[in-house]
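# A closer look at the structure
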Amino acid sequence: MTVTVISKDPPGGRCTLYTRYAEALSRHSGLPVNIHYPGDKPGDGIAPPALVIRGKLVTPADGVIVSPDDITQTAGGAWASPWIWLPANQNSKPFRIGSWRK
């Protein structure tokens with residue numbers, strides 16, 4: 001089982017964001033990260049940008065950009081801690097999933 005990012009090449013804003021999400025999830029869960037660049041043909045029928053966790057496509061609630069809440073909904077609570085690291089820089093602090101709305 002993996003965390004897969006379906007990305008454009010070169011990656012744009014959402015592709016880069018989803019790659020950072022995948023890297024944070026990998027550090028937290030131990031799942032390997034797979035970056036897939038399908039070119040002009042969508043991989044497995046999924047067009048970039050997309051994030052797939054353990055074979056489940058993460059669907060953005062707003063219909064545009066995947067949020068930490070969307071990741072939590074897709075991953076389920078079995079292994080997901082409410083705290084993950086999303087390192088923007090060396091001074092980054094832990095980010096509480098869902099806290100951006102509060």
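Computed from a predicted model, the values in this text were never measured in an experiment.

### Focus: the nonpolar core
- Residues Val 3, Val 5, Tyr 18, Tyr 21, Ala 22, Leu 25, Leu 31, Leu 51, Ile 53, Val 58, Val 66 and Ile 71 constitute the largest nonpolar core, which totals 12 residues.
- Going through the elements one at a time, β1 (3-6), α1 (13-29) and β3 (50-53) are the ones with two or more residues in this core.
- Looking at this core element by element, the count peaks at 4 residues for α1.

### Here we look at α1
- In a regular helix each residue adds 1.5 Å, so 17 residues correspond to 24 Å; α1 covers 24 Å between its end C-alpha atoms and thus fits that length.
- Buried within α1 we find Cys 15, Tyr 18, Thr 19, Tyr 21, Ala 22, Ala 24, Leu 25 and Ser 26.
- Close packing links the buried residues of α1 with β1, β2 (33-36), β3 and α2 (68-75).
- After α1 finishes, the residue Gly 30 shows a positive phi value of roughly 85°.

Calculation notes
- Residues numbered from 1 in each chain as written.
- Predicted model: local features only at pLDDT ≥ 70, side-chain atom pairs only at ≥ 80, totals over all residues.
- Heavy atoms only, no water.
- Core = buried A, V, L, I, M, F, W, Y, C linked by side-chain atoms within 4.5 Å.
- Buried < 20%, exposed > 50% of the residue type's maximum accessible area, 1.4 Å probe, protein only.
- Helix = DSSP H or I, 4+ residues; strand = E, 2+ residues; numbered from the N terminus.
- Expected span 1.5 Å × (residues − 1).
- Contact = heavy atoms within 4.5 Å.

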